[in-house]
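# Examining the three-dimensional arrangement
So the chains spell out like this:
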Amino acid sequence: MRLDKLLSECGIASRKETAKAAKAGQITVNGIPATKADMQVDPIADVVTFCGRAVKWREFVYVMLNKPDGYVSATEDSRGEQVVTSLLPEEYQKMGLFPCGRLDKHTLGLMLLTNDGQLSHRLLSPKRHVAKTYAFRVKFPLSEKDVSELQSGVDIGGYLTKPCTVTLTDEREGRITLTEGKYHQIKLMMEAVHNQITYLERITFGPLSLDPALSRGEWRELTDGEIAALNQS
Ligand code: URA
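Note that the structure is predicted; figures quoted are calculated from it, not measured. (Residues numbered from 1 in each chain as written. Predicted model: local features only at pLDDT ≥ 70, side-chain atom pairs only at ≥ 80, totals over all residues. Heavy atoms only, no water.)

### Describing helix H4 (residues 117–124)
Which entries qualify depends on this criterion: Partly exposed describes any residue whose relative accessible area lies between the buried limit of under 20% and the exposed limit of over 50%, with all areas from a 1.4 Å probe on protein chains only and scaled to the type maximum. For the purposes of this entry, the term helix denotes a DSSP run of H or I that reaches at least four residues, the term strand denotes a run of E that reaches at least two, and both are numbered from the N terminus. Think of the arc as the fan of directions from the helix axis to the C-beta atoms. In what follows, residue pairs with any heavy atoms lying within 4.5 Å of each other are defined as contacts. In protein, a polar contact means a hydrogen-donor-capable atom and an acceptor-capable atom, both N or O and within 3.5 Å, with residues adjacent in sequence counting only if both atoms are side-chain atoms; elsewhere, any N or O pair within 3.5 Å suffices.
Taken together, the buried positions of H4 are occupied by Leu119, Ser120 and Leu123. End-on view of H4: buried residues confined to an arc of 100°, all on one side of the axis. Relative to its buried face, H4 has exposed residues pointing more than 90 degrees away, namely Gln118 and His121. Looking at the buried positions of H4, the neighbouring elements they touch are strand E5 (62–67), strand E6 (98–99), strand E7 (108–114), strand E13 (197–205) and helix H7 (224–232). At the N-terminal boundary of H4, the capping side chain belongs to Asp116, with an oxygen 3.3 Å from the backbone nitrogen of Gln118.

### Here we look at the domain arrangement of the chain
Condition: Each domain span listed reflects an automatic or database assignment of domains. Accessible surface is computed with a 1.4 Å probe, and the buried area is the amount of it that two parts give up when combined, taken over both parts together. One side-chain nitrogen of Lys or Arg within 4 Å of one carboxyl oxygen of Asp or Glu is enough to make a salt bridge.
By the assigned domains, the chain splits into domain 1 (3–54), domain 2 (62–126 + 208–232) and domain 3 (132–205). In this structure, domain 2 and domain 3 have C-alpha centres spaced 23 Å apart. Contacts between the two partners involve 17 residues from domain 2 and, on the opposite side, ten residues from domain 3. Of the roughly 1100 Å² buried between domain 2 and domain 3, counting both surfaces, carbon and sulfur atoms make up 50%. On the surface where domain 2 and domain 3 come into contact, there are one salt bridge. Between Arg216 and Glu201 there is a salt bridge, and its shortest N-O distance comes to 3.0 Å. Where domain 2 packs against domain 3, one counts eight residue pairs in polar contact (both at pLDDT 80 or more). Contributing elements (two or more residues each) for the side of domain 2 that touches domain 3: E7, H4 and strand E14 (208–209). Here the side of domain 2 that touches domain 3 takes five residues from E7, the largest share from any one element.

### As for the site of the ligand
Let me state the cut-off plainly: Nearness here has a simple test: a residue counts as near a molecule or strand if at least one of its heavy atoms is within 4 Å of that partner. Shrake-Rupley sampling with a 1.4 Å probe provides the accessible areas, and residues are treated as covered by the protein chains on show and by no other component. Basically, the charged four are Asp, Glu, Lys and Arg, the nonpolar ten are Ala, Val, Leu, Ile, Met, Phe, Trp, Tyr, Cys and Pro, and anything else, Gly included, counts as polar.
Inspection of the region around the ligand gives Leu103, Asp104, Thr107, Tyr134, His184, Gln185, Ile186, Lys187 and Leu200 as its neighbouring residues. Between an oxygen atom of the ligand and a main-chain N or O atom of Asp104, the distance comes to 2.8 Å. The side chain of Thr107 places a nitrogen or oxygen atom 2.8 Å from an oxygen atom of the ligand. In isolation the ligand offers 240 Å² of accessible surface; the protein chains occlude 95% of this area. Per element, the largest residue contribution to the shell around the ligand is three residues, and it comes from helix H6 (residues 185–192). For the shell around the ligand, the class distribution of residues is four nonpolar, three polar and two charged.

Have a look at this one:
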C-alpha cells in the first residue's frame, strides 16, 4: 500500500499533507525517514510514525457511542441538524465511519459506528433477526392486554410487527426486545396501543451491551472480543 494512502485511511493526513511532511522529514518507516509519499509500505509489518507518533493501520474501525438526545443518525445533514459522527474526533470522521442503523433524534443509547459496510449490512439484514433491546417509558399505564398485543404483533401503518418481548418494570416503564427495525417502530407500536413513548434508550445491539462507563456523547472502540461476537451474530 502507498504511504500516503495508509496515512489518509488512518485519518492522519491527506495525500498533499503527507507529501509535505515527507519532504520535511516528519515521517519514518521502520525508523528511516521516508522522503517519498508514494513509497510502498506493508500496513501490518512496517512501523510508520508521523510527527513522532506511531501510526496504527486498521482496515476497519468499530466504535460504540452512547448517543445523546438531539443528534441525528447520519454523517451529514443539510438542515443543519447535529449528526452523531460529529461526536467523534476528526481522524475517525476521516476514516469514513457511519452509523450502523438509525436511532431517532430523541432516542438515546447504544449506537454502533463503523466503516465496515459488509458487517453493517449483515447486522441490519431483516433475514438475520439481530435482537436489539430498548429501555422505554410511556405516558399512560400499560395493561396486560397491551403487553400481550405488543408481544404478538400490532399494526403500524399497514405492517404487522413481528413477535417481540416486553417486560415491565413498572406500569409505565420496561424493556422491549425487537428482532427487526422498522422506521419509528417502537414509537408506532406504542401508538398502536393508544400510548406514547416519553423515553427511549437502546441498551443492547446483538451481542453488545451499552458500556455503563460511557456517559452520553462518549464513545470507545469495540474490543476484539466484541468485534468477534458481532461477526458471529
Ligand atoms: N424505535 C423507535 O421508535 N425509535 C428508535 O429510535 C428506535 C426504535
